[in-house]
Amino acid sequence: MSDHAHKSHKLWGGRFAAPTAAEISAFNDSNNDDDNDSGRSTRSDGDHDATRLPHWLQSLFWEYDAEDLTWEDDRDLIIGRVLTSGTWDAVTWLRSQVGDASLREWIERHDGRGLSPRQLRFWELLLGLSHEQVCAWIAAGQRAVWDRRTTPWDSINEQMGERDNTMTVSDHAHKLWGGRFAAPTAAEMSAFNDSFRFDCRLADADITGSIAWAGALARANLITEAEHTHLVQGLEQVRSEFAEHRFEPQPGDEDIHTAVERRLGELVGPVAQKLHTGRSRNDQVATDLRLFCIEAVQSLDVRLSHLQGALLSQASQHAHTLMPGYTHLQRAQPVTFGHWCLAYVEMLERDRARLCDAAGRIRTLPLGAGALAGNSLGIDREALRASLPGFEALAGNSLDAVSDRDFVAEVLFGCSLIGVHLSRLAEDIILFSSSEFGFVELSDAYSTGSSLMPQKKNPDSMELLRGKSGRLMGNLVTLLVALKGLPLAYNKDMQEDKEPLFDSVDTLDLGLRVAAAAVATMQVNPERMAAALDDAMLATDLADELVRRGVPFREAHGMVGRLVRRSLERRVGLHALPLEEYQAAHPDLDESLRAVFDVARSAAQKNSYGGTAPQRVTEQIARWRQRLGPADAADAADETRETECQER
């Protein structure tokens, strides 16, 4: 067994000469079917590998691949994250794993790293309590560390010496809206409401928007230049913490906006409380999403160009390679394989144009619209727009600005239609790679095998592309249904815009990478394509020849149809029918008619613009090389390059 086969422990690897590509492993390994046995285990937590995190705990490690975290390699990280999680279930599990002594040792060894001063004192006190006492709290129904209702916080606060106006343990949730409320948010409501676990990926966009807003506040003389400088420096530090995976979320981080502002306050002090002046999370998140979509559209545009480049490379090699063209999945007329490739290049170009068209509407800035009614503090929105790269216009109505998610729907529609086109491409390749066709063969790196049948080579990369198109459509429907009955302006239903958007962008990003690499490495079999051509596919050429000889097309069509029927009755090819059969159809026909039965001639005659004639295909290849550029055409696996849709 090869080293690769041993390490990857595939149930089907023996038949394959090359390892599975990393992209197809990422695309495929969550799949579960009887033939491949590639799905993940659905064991209960009780059966879970003791060296790894329980499934229910993995959400705490949002910026890591939690499946890969183990006690052996990540003990310090796991302990630190659970200590700051504020979840009794997690703490109880941790104590059962390592014991209180180990937790106290960790806190001492790390000087409480990641813990606020109050958290540090709290855990030092808590870990000094008996295990029975903590269990009693859990049995009483306690679920969140910061929930006052069932925990003797007054006693703990008293022991901690809290008798001033500083934040108490129960207030640690640092809500941006908590002043009006007398009771804390219920644990289950927080779990249902909080979005940090997925909107944390908006961190960079949120910080970019906040830096621009700080500038707008300074221009309006709502903060001093010194305060502006402190805010920008603090925000850039928070940005670096996210970029370097050093950001430590806290239990009260309801969403990305709360998390950033909370951390900013820890870094720069009370001036952080001025940042939200005149701004609502409504216009803030709308701005974040637009920034995200601008970048996503640019990235998807590059991925699409790479797939076009892979198809163009195949077309260049096979501008003269003849194959059957199909309608109704029945053999129709000869075409070149290059012509088939260019059909998908055209489809993908429309996808790129569609995304770029949507980008024009994405670049409308909602920031400054407030919660719904606008801003009354003298914010110069035009100067604000100019300070944010990528925005070309201002939202003209504050109600619409905060409630508009048309741009998300447009991106999701664009993703859905890309998925449809990828599915059609995949279906063709699935058929063409079957033994019955044998026109192409996918690389081992983009195929998988069977756990039972050693001879199998399955086109799973293409099947997954075909299958995930339904997921992309579903994400679009999810958003449209969420939006369809909403009154103006913002409603919390609109929180459901992010997960479908993120999922579609991520699914397509990986899917397009897989598609481009699979097409680029695909082997074409011209001999099998040629063997699939037959005389019947030239019936239209025969009718065209009759038209050239003065026969009306409808009459010629009927004549040729009768000749086809006679060839079937006599079980011979159309070209092999005796001359008398042809003359029975039309007395002026002679042996010169047999020159029609040449598939290369047939293809060459389809020389109208956009036709399959090799001359036209070659011209189209040159046109596409000029449009896509040499980097896209030469290498479909290039790294993502920053592009602007307007440049295309």
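Rules behind the numbers
- Residues numbered from 1 in each chain as written.
- Predicted model: local features only at pLDDT ≥ 70, side-chain atom pairs only at ≥ 80, totals over all residues.
- Heavy atoms only, no water.
- Helix = DSSP H or I, 4+ residues; strand = E, 2+ residues; numbered from the N terminus.
- Buried < 20%, exposed > 50% of the residue type's maximum accessible area, 1.4 Å probe, protein only.
- Polar contact = N/O pair within 3.5 Å; in protein donor to acceptor, adjacent residues only side chain to side chain.
- Contact = heavy atoms within 4.5 Å.
- Core = buried A, V, L, I, M, F, W, Y, C linked by side-chain atoms within 4.5 Å.
- pLDDT = per-residue confidence, 0-100.
- Salt bridge = Lys/Arg side-chain N within 4 Å of Asp/Glu carboxyl O.
- Phe/Tyr/Trp six-rings, centres within 6.5 Å; stacked < 30°, edge-to-face > 60°.
- Expected span 1.5 Å × (residues − 1).
- Patch = residues over 30% accessible without salt bridge, like charges linked within 9 Å, V, L, I, M, F, W, Y side chains within 5 Å.
- Areas by Shrake-Rupley, 256 points an atom, 1.4 Å probe, with all protein chains shown as cover.
- Pairing = 2+ DSSP bridges.
- Axes fitted to C-alpha atoms, helices over the stretch in contact; angles between N-to-C directions.
- Parallel < 35°, antiparallel > 145°, perpendicular 65-115°, else oblique.
- Nonpolar A, V, L, I, M, F, W, Y, C, P; charged D, E, K, R; others polar.
- Left-handed = near helix turned anticlockwise from the far one by under 90°.

Asker: Tell me what's going on with the side chain of His318, and back it up with residues and numbers.
Answerer: Mapped onto the elements of the fold, His318 is located in the loop between helix H13 (281-317) and strand E1 (322-327). For His318, a relative accessible area of 10% gives the class buried. A polar side-chain atom of His318 sits 2.9 Å from a polar atom in the side chain of Thr321. With sequence-adjacent residues up to four places away left out, His318 is seen in contact with Thr336, Phe337, Gly338, Val524 and Pro526.

Asker: Talk me through the nonpolar core; I want residue IDs and the actual numbers.
Answerer: Among the nonpolar cores identified, the biggest contains 109 residues, and Leu307 and Leu501 are the most heavily contacted of them. Other than its neighbours up to four places away in sequence, Leu501 contacts Leu289, Phe292, Cys293, Val408, Val411 and Leu412. Counting 17 residues, the second-largest nonpolar core is a separate cluster that includes Tyr582, Leu589, Leu593 and Val596.

Asker: Could you give an account of the confidence of the model for the protein chain, with specific residues and numbers?
Answerer: Of the residues in the protein chain, 76% have a pLDDT of 70 or more, and the chain-wide mean is 82. Counted against residues more than four places away or in other chains, residues 1-8, with its pLDDT under 50, gives 4 contacts. Across residues 632-644 the pLDDT falls below 50, and counting only partners more than four positions away or on other chains, this stretch makes 27 contacts in the model.

Asker: Which residues make up the pattern of salt bridges, and what values do they have?
Answerer: Tallied over the entire structure, the rule returns 39 salt bridges. The salt bridge involving Arg201 is made with Asp506; its shortest N-O contact spans 2.7 Å. Placement of Arg201 in the loop between helix H9 (196-199) and helix H10 (203-219) and of Asp506 in helix H19 (residues 498-520) is noted, with a sequence separation of 305 residues between them. Residue Arg201 is classed as partly exposed on the basis of its relative accessible area, which comes to 37%. When the shortest N-O distance is used, the salt bridge between Glu569 and Arg565 registers 3.9 Å. Of this pair, Glu569 and Arg565 both sit in helix H22 (residues 553-570), 4 residues apart, which is roughly one turn of the helix. On the basis of relative accessible area, Arg565 is assigned to the partly exposed category, the value being 46%. Each of Glu241, Asp253, Arg262, Arg263 and Glu266 takes part in a single network of salt bridges with overlapping partners.

Asker: Explain the packing of aromatic side chains to me, using residue names and the numbers behind them.
Answerer: The geometry of an aromatic ring pair comes down to the distance between the two centres and the angle between the two planes. Enumeration over the complete set of coordinates arrives at 11 aromatic pairs. Taking 5.0 Å as the distance between ring centres and 65° as the angle between the ring planes, the aromatic pair formed by Phe292 and Phe502 counts as edge-to-face. Pair noted here: Phe292 is in helix H13 and Phe502 is in helix H19, with a separation of 210 residues, a long-range link. For the pair Phe337 and Trp340, a centre-to-centre distance of 5.1 Å together with 15° between the ring planes defines the contact as stacked. With Phe337 and Trp340 both in helix H14 (residues 337-362) and 3 residues apart, the pair spans about one turn of that helix.

Asker: Break down helix H21 (residues 539-548) for me, citing the residues and quoting the values.
Answerer: Residues Ala539, Asp541, Leu542, Ala543, Glu545 and Leu546 constitute the buried set of H21. On its buried face, H21 sits against H22, helix H23 (579-585) and helix H24 (599-605). Phi turns positive one or two residues past the end of H21, at Gly550, with a value near 100°.

Asker: Now, about H13: what can you tell me, with residues and values included?
Answerer: Its 37 residues place the ends of H13 54 Å apart at the C-alpha level, agreeing with the 54 Å of an ideal helix rising 1.5 Å per residue. Between the side-chain oxygen of the N-cap and the backbone nitrogen of Asn282 there are 2.9 Å, and the N-cap of H13 in question is Ser280.

Asker: Describe in detail unusual backbone geometry, supporting the description with residues and values.
Answerer: Glycine aside, a negative phi is what most residues show, and trans is what most peptide bonds show. Residue Leu488 is joined to Ala489 through a cis peptide bond whose omega torsion reads 5°. Within the secondary structure, Ala489 is located in the loop between helix H18 (460-483) and H19. One non-glycine residue with positive phi stands out, namely Asn221, at about 60°. For Asn221, the position within the fold is in the loop between H10 and helix H11 (225-243).

Asker: Explain the environment of Ile78 to me, and be specific about the residues and the numbers.
Answerer: Residue placement: Ile78 occurs in helix H3 (residues 71-83). Its relative accessible area of 0% is what places Ile78 among the buried residues. Taking C-alpha positions, Ile78 is 9.2 Å from Leu60, a pair spaced 18 residues apart along the chain. Non-local contacts of Ile78, meaning those with residues more than four positions away in its chain, are made with Leu53, Phe61, Thr70, Trp71 and Trp93.

Asker: Got a sec to walk through a nonpolar patch on the surface? Specific residues and values, please.
Answerer: On the surface, Leu372, Leu399 and Leu488 cluster together into a nonpolar patch covering about 270 Å² of accessible area. Inspection of the secondary structure assignment puts Leu488 in the loop between H18 and H19. When its relative accessible area of 62% is taken as the criterion, Leu488 is described as exposed.

Asker: An account of the pairing of strand E2 (residues 330-336) is requested, with residue identities and associated values reported.
Answerer: Sheet topology note: the E1/E2 ladder contains 5 bridges and is antiparallel. Counterpart to Met323 in the pairing with E2 is Val335. Between E1 and E2, which pair antiparallel and follow one another directly, the connecting turn spans 2 residues, one of which, His328, has a positive phi of 55°.

Asker: I'd like to hear about the environment of Gly234, residue by residue, with values.
Answerer: Here Gly234 is to be found in helix H11. Taking the C-alpha atoms as reference points, Gly234 and Arg263, separated by 29 residues in sequence, lie 8.7 Å from one another. Leaving out residues up to four positions away in the same chain, Gly234 has contacts with Leu264, Leu267 and Val268.

Asker: Give me the environment of Gly573: which residues, what numbers.
Answerer: The topology assignment puts Gly573 in the loop between H22 and H23. For the pair Gly573 and Asp534, spaced 39 residues apart in sequence, the C-alpha separation works out to 7.8 Å. Discounting chain neighbours no more than four positions away, the residues touching Gly573 are Asp535 and Ser567.

Asker: Report on the side chain of His586, specifying residues and quantitative values.
Answerer: Within the secondary structure layout, His586 lies in the loop between H23 and H24. With sequence-adjacent residues up to four places away left out, His586 is seen in contact with Val551 and Met559.

Asker: With reference to specific residues and values, describe the packing of H10 against H11.
Answerer: Two elements in contact, H10 and H11, have axes separated by 10 Å at closest approach and are oriented at 175°. Taken as axis vectors, H10 and H11 run roughly antiparallel relative to one another. Of the residues in H11, those touching H10 at Ala203, Asp204, Ile207, Thr208, Ser210, Ile211, Ala214, Gly215 and Ala218 are Glu225, His228, Leu231, Val232, Leu235, Glu236, Val238, Arg239 and Phe242. When grouped by side-chain class, the residues that make up the contact of H10 with H11 number 10 nonpolar, 4 polar and 4 charged.

Asker: Mind laying out the packing of H10 against helix H12 (residues 256-268), listing which residues take part and the relevant values?
Answerer: The interhelical angle for the contact between H10 and H12, taken along N-to-C directions, is 60°, at an axis separation of 10 Å. Judged by the angle between their axes, H10 and H12 are oblique. Crossing geometry of H10 relative to H12 is assigned as right-handed. Judged by residue contacts, Ala203, Asp206 and Ile207 of H10 engage Ile256, His257 and Val260 from H12. In terms of residue class, the contact of H10 with H12 is built from 4 nonpolar, 1 polar and 1 charged.

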